[in-house]
Protein chains: 2
Amino acid sequence: VWPLTLLLHNPPLLLFQMIVWEQEHFQGKCQEFTSECTNIMNCGFDNIRSLRVESGAWVGYEHHDFQGQQFILERGEYPHWSGWSGSLSYHVERFMSFRPVYCASHRSSRMMIYEKENFMGRTVELCDDYPSLQAMGWMNNEVGSMHVQSGAWVCYQYPGYRGYQYILECERHSGDYQHWKNWGSHAQTPQIQSVRRIQH
Amino acid sequence: VWPLTLLLHNPPLLLFQMIVWEQEHFQGKCQEFTSECTNIMNCGFDNIRSLRVESGAWVGYEHHDFQGQQFILERGEYPHWSGWSGSLSYHVERFMSFRPVYCASHRSSRMMIYEKENFMGRTVELCDDYPSLQAMGWMNNEVGSMHVQSGAWVCYQYPGYRGYQYILECERHSGDYQHWKNWGSHAQTPQIQSVRRIQH
């Protein structure tokens, strides 16, 4: 990525920095965060309706205490809930908690995916981004279990990084996700059709 | 990607193959395609509400004759419009035309992005996937113009491959997209915050 970094514009001073607004399009009450927030209402917000990530990768949640739908948030501007929400069929316009995501070096991210739960059945090691697991040879539209060896990953319900999002991290559950119910409190099926590494 | 290809499951017999259904969840009238369709109504469909891509990468359009919102479609299952639609704020439940996307070798995909229209201002060459252009050093949330040197790319309005999608191809307009109005008939702003290569 060196060509882009050559013209690096205002390099981040903090490893993790995010500014959130109570209204869409960066309007209304505003606050900067450099670490996790378990309940935005404790900061006097009724909701988050727009945000800008200045540095680091973050994960946002539908409910307080990191519950409900998950949204990966990377550096850039999100003027409206549609910029981060994964599922269009089940709209999420609520955003009540968030935390930083600690990643390994992008290049060294590794994850094993397994055909069946509890790390059984056919398995492959992923070390790249896969907009379609089936295009790369995976046998169907489901993954039974996953083990994150290094880094942090986003898994998606549909190809092309669409649908429900699940953030999986080496730093959590020792990287073990033995059943789709462990992927997140909103997980309803083992459907996973695209997977990518989270970059800093 | 060799670990996955080792267990390649029913390898595609055709370079481009897609099956579409008139109803959600692969129900109702169904037809297989191996090449473009300019208007699904000419095949007796009133709309496409679910599909499965068997091989190749395709681009779907909101309107007939490749007009309106664009959706990248990669190998896998799309049971509902929310699996392909990019923008949640402007729902698209219509899917009236589609065509194959011809890609260069994934590894050799190259694109130049420019700060201003008509290939002016600061520029960088992209040859990888960028879930956040700003994280990689791009100066703001906009791109003025783009030139695809090799392969085919998807550009997205928001970070993390979300929001409006624009499919840009070396094979079209000689790869030149000198103004955001050339990105697609639905383009309304120069906002581009994530970019990735299209793989076969």
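Up top you'll find the structure we're talking about.
Residues numbered from 1 in each chain as written. Chains lettered and ligands numbered in written order. Predicted model: local features only at pLDDT ≥ 70, side-chain atom pairs only at ≥ 80, totals over all residues. Heavy atoms only, no water.

Enquirer: Please set out the interface of chain B and chain A residue by residue, giving values where relevant.
Expert: Bring the parts together and some accessible area is lost; that lost area is often taken as the interface size. In this complex, chain B contributes 55 residues to the contact, which on the side of chain A involves 55 residues. Here chain B meets chain A over a buried area of about 4900 Å², counting both sides, of which 58% is carbon and sulfur. Inspection of the chain B/chain A interface yields 12 residue pairs in polar contact (both at pLDDT 80 or more). Contributions of two or more residues to the side of chain B that touches chain A are made by α1 (2-5), β6 (76-78), β9 (120-126), β11 (152-158) and β12 (162-169) of chain B. Looking at the side of chain B that touches chain A element by element, the count peaks at 5 residues for β9(B). (Contact = heavy atoms within 4.5 Å. Buried area = accessible area lost by both parts, 1.4 Å probe. Polar contact = N/O pair within 3.5 Å; in protein donor to acceptor, adjacent residues only side chain to side chain. Helix = DSSP H or I, 4+ residues; strand = E, 2+ residues; numbered from the N terminus.)

Enquirer: Any details on the environment of B:Gln134? Residues and values, ideally.
Expert: Position of B:Gln134 relative to the elements: it lies in the loop between β9 and β10 (145-150). Residue B:Gln134 is classed as buried on the basis of its relative accessible area of 12%. Separated by 16 residues in sequence, B:Gln134 and B:Ser150 have C-alpha atoms that sit 23 Å apart. Residue contacts for B:Gln134: discarding those within four places in its chain leaves A:Arg75, A:Gly76, A:Glu77, B:Asn140, B:Asn141 and B:Gln193. Polar contacts involving the side chain of B:Gln134 include one to the side chain of B:Gln193, which spans 3.1 Å. (Buried < 20%, exposed > 50% of the residue type's maximum accessible area, 1.4 Å probe, protein only.)

Enquirer: Describe the environment of A:Pro100, and please don't skip the residues or the numbers.
Expert: Residues and elements named next belong to chain A. Relative to the helices and strands, Pro100 is located in strand β7 (residues 97-101). Residue Pro100 is classed as buried on the basis of its relative accessible area of 8%. Taking the C-alpha atoms as reference points, Pro100 and Ser35, separated by 65 residues in sequence, lie 6.4 Å from one another. Contacts of Pro100, omitting those with residues within four sequence positions, involve Phe16, Ser35, Glu36, Ala57 and Trp58.

Enquirer: Any chance you could break down the sheet that holds β7(A) for me, citing the residues and the numbers?
Expert: Residue and element names in this part refer to chain A. The antiparallel open sheet is built from 3 strands, whose spatial order is β5-β4-β7. Looking at strand neighbours, the two that pair on one side only are β5 (67-73) and β7, the edges of this open sheet. With strand direction ignored, the average angle separating the axes of adjacent strands in the sheet is 25°. (Pairing = 2+ DSSP bridges. Axes fitted to C-alpha atoms, helices over the stretch in contact; angles between N-to-C directions.)

Enquirer: Lay out the relation of the copies chain B and chain A in plain terms, naming residues and giving numbers.
Expert: The relation between the two chain copies is a rotation about an axis coupled with a shift along that axis. Under the fitted operation, chain B is carried onto chain A by 0.0 Å of movement along the axis and a turn of 180°, and the coordinates agree to an RMSD of 0.0 Å. What we have between these two chains is a two-fold relation. Both copies contact each other with a shared surface, as 100% of the interface residues of chain B are interface residues in chain A too. (Least-squares fit on C-alpha atoms with pLDDT ≥ 70 in both.)

Enquirer: Please give an account of the pattern of salt bridges that cites residues and values.
Expert: Oppositely charged side chains may form a pair once their charged atoms are brought near each other. Taken as a whole, this structure holds 16 salt bridges over all chains when the rule is applied. The partner of B:Glu74 in a salt bridge is B:Arg196, and the shortest N-O contact between them spans 2.9 Å. Pair noted here: B:Glu74 is in the loop between β5 (67-73) and β6 and B:Arg196 is in strand β14 (residues 194-197), with a separation of 122 residues, a long-range link. Members of the salt-bridge network, linked through shared partners, are A:Asp128, A:Asp129 and A:Arg197. (Salt bridge = Lys/Arg side-chain N within 4 Å of Asp/Glu carboxyl O.)

Enquirer: Describe in detail the sheet that holds strand β13 (residues 176-177) of chain B, supporting the description with residues and values.
Expert: Residue and element names in this part refer to chain B. Strands sit in the order β9-β8-β10-β13 across an open sheet of 4 strands; the sheet is antiparallel. Strands at the two margins of the open sheet, each flanked by one partner only, are β9 and β13. The sheet contact formed by strand β8 (residues 110-116) and β10 spans 5 bridges and is antiparallel. Residue pairing across strands places Met111 opposite Val148, the latter belonging to β10.

Enquirer: An account of the packing of aromatic side chains is requested, with residue identities and associated values reported.
Expert: Here the structure, examined in full by the defined rule, presents 27 aromatic pairs over all chains. For the ring pair B:Phe71 and B:Phe95, a centre distance of 5.8 Å and an interplane angle of 35° mean the geometry is tilted. Taken together, the residues B:Phe71 in strand β5 and B:Phe95 in the loop between β6 and β7 (97-101) connect sequence positions 24 residues apart. A relative accessible area of 0% places B:Phe71 in the buried class. The exposure class of B:Phe95 is buried, given its relative accessible area of 0%. Centroid distance B:Tyr114 to B:Phe119: 5.3 Å. Interplanar angle 70°. Geometry classified as edge-to-face. Judged by its relative accessible area of 28%, B:Phe119 falls in the partly exposed class. Feature note: the residues A:Phe16, A:Phe33, A:Trp58, A:Phe71, A:Trp84, A:Phe95, A:Phe98 and A:Tyr102 constitute an aromatic cluster, connected by ring pairs. (Phe/Tyr/Trp six-rings, centres within 6.5 Å; stacked < 30°, edge-to-face > 60°.)

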